[in-house]
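Summary of the model geometry
Okay, here's what each chain looks like letter by letter:
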Amino acid sequence: MRLFIDTGSVAEVRELAAWGVLSGATTNPSLLAREDGDPGEAIRRICEAVDGPVSAEVVSEDRETMVLQGRALCGLHEHVTVKVPFGAEGLAATARLAAEGIDVNVTLVFSAAQALLAARAGARYVSCFLGRLDDVAVDSEAVLIEIVHALRSEEAAEVLAASIRTPGHVVTAARLGCPVATVPASVLRQMLVHPLTASGIARFEADWASRPELARWLDELTPRPRLAVAAR
Ligand code: E4P
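Residues numbered from 1 in each chain as written. Predicted model: local features only at pLDDT ≥ 70, side-chain atom pairs only at ≥ 80, totals over all residues. Heavy atoms only, no water.

Another point: the site of the ligand. Neighbouring the ligand are D6, T26, N28, K83, F129, R132, A162, S163, R165 and T182. A distance of 2.6 Å separates an oxygen atom of the ligand from a polar side-chain atom of R132. Residue S163 places a side-chain N or O atom 2.6 Å away from an oxygen atom belonging to the ligand. Taking 350 Å² as the accessible area of the ligand by itself, protein coverage stands at 85%. Mapping the ligand onto the cavity grids shows that it belongs to the largest pocket. Considering only residue class, the shell around the ligand consists of two nonpolar, four polar and four charged. (Near = heavy atom within 4 Å. Polar contact = N/O pair within 3.5 Å; in protein donor to acceptor, adjacent residues only side chain to side chain. Areas by Shrake-Rupley, 256 points an atom, 1.4 Å probe, with all protein chains shown as cover. 1 Å grid on protein atoms, 1.4 Å probe; cavity = no way out; pocket = protein on both sides within 12 Å on 5 of 7 lines; lining within 4 Å. Sits in = over half its atoms within 2 Å of the grid points. Nonpolar A, V, L, I, M, F, W, Y, C, P; charged D, E, K, R; others polar.)

Here it is, written out as structure tokens:
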């Protein structure tokens, strides 16, 4: 399963991209509204940092404006995927943008019925929101199973697990066969943590420190980084 980062923060994308685990990113109006500065510049920098698809969302309730905004967002960078909210207007805009060869991520999908419509309209990604389903006491795993099954024969559309709140959500998405999950930086950082990893590292370091000659051996084995020669 590919991992996207769900954020509007360039700094977060740069930090997490350095781990080598990211294949793309998603933004949304709420995430971008938390950041200072020009959102277009942020989207461009995020595109450069992840070197993969980056969703940028239209904010309108009519199809004509969605199409115009979608084309404009696409012009920001070749990696931009246009994110369109689900609904009759969103479906119509998706069909138009997809017909122009623009990748569309249909967002705010909460049922298999909606997912089928999004896929038929030409969505490249169908974003199913797990956390927001859990918030209203709907079993998000059961809904995701239905969506994954419903889209099995929709070859062009990929289920994108979104509104991820915990590492458990990420594992559920992978277990159910979602090709992509978009994950906030906070959850990606939680995925690093296991007490046995921390205690294992502490034990290795303590055992190594008990034999200083081994530390010297590794130090001598390891080439020093070459110092930059000052320009003359
Ligand atoms: C997906 O693309 C959305 O940006 C995001 O996952 C929404 O998550 P939230 O429900 O935590 O706001």
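Moving on, we get to helix α4 (residues 63–74). Since one α-helical turn is 3.6 residues long, residues separated by three or four positions face the same way. Its 12 residues place the ends of α4 16 Å apart at the C-alpha level, agreeing with the 16 Å of an ideal helix rising 1.5 Å per residue. Inspection of α4 places M66, V67, G70 and L73 among the buried residues, and these make up the whole buried set. Projected down its long axis, α4 carries its buried residues within an arc of 130°, all on one side. Facing away from the buried side of α4 by more than 90 degrees, the exposed set consists of L68 and A72. (Helix = DSSP H or I, 4+ residues; strand = E, 2+ residues; numbered from the N terminus. Expected span 1.5 Å × (residues − 1). Buried < 20%, exposed > 50% of the residue type's maximum accessible area, 1.4 Å probe, protein only. Arc of directions from axis to C-beta.)

Mapped onto the secondary structure, T27 falls in the loop between β2 (22–26) and α2 (29–33). The class of T27 is buried, set by a relative accessible area of 0%. Those residues within four positions of T27 in sequence are excluded, and the remaining contacts are T7, G8, L32, I46, S55, A56, E57 and K83. (Contact = heavy atoms within 4.5 Å.)

This brings us to the nonpolar core. Side chains of nonpolar character tend, in soluble globular proteins, to be buried together. With 56 residues, the main nonpolar core has I5, V126, L144, I147, L151 and V183 as its most contacted residues. Examining the composition of this core, we find that five residues originate from one element, helix α3 (residues 39–50), more than from any other. Counting six residues, the second largest nonpolar core, distinct from the first, contains Y125, F129, A162 and V180. (Core = buried A, V, L, I, M, F, W, Y, C linked by side-chain atoms within 4.5 Å.)

For the rest of this paragraph, the subject is the pattern of salt bridges. Overall, the coordinates contain 15 salt bridges when judged by the stated rule. Across the pair R120 and E154 runs a salt bridge whose closest N-O atoms are separated by 2.8 Å. Placement of the pair is R120 in helix α6 (residues 112–121) and E154 in the loop between α8 (140–150) and β7 (158–162), with a sequence separation of 34 residues. The exposed category is assigned to R120, whose relative accessible area is 61%. Each of the salt bridges in this network shares a partner with another, and the network as a whole consists of R2, D103, R124 and E158. (Salt bridge = Lys/Arg side-chain N within 4 Å of Asp/Glu carboxyl O.)

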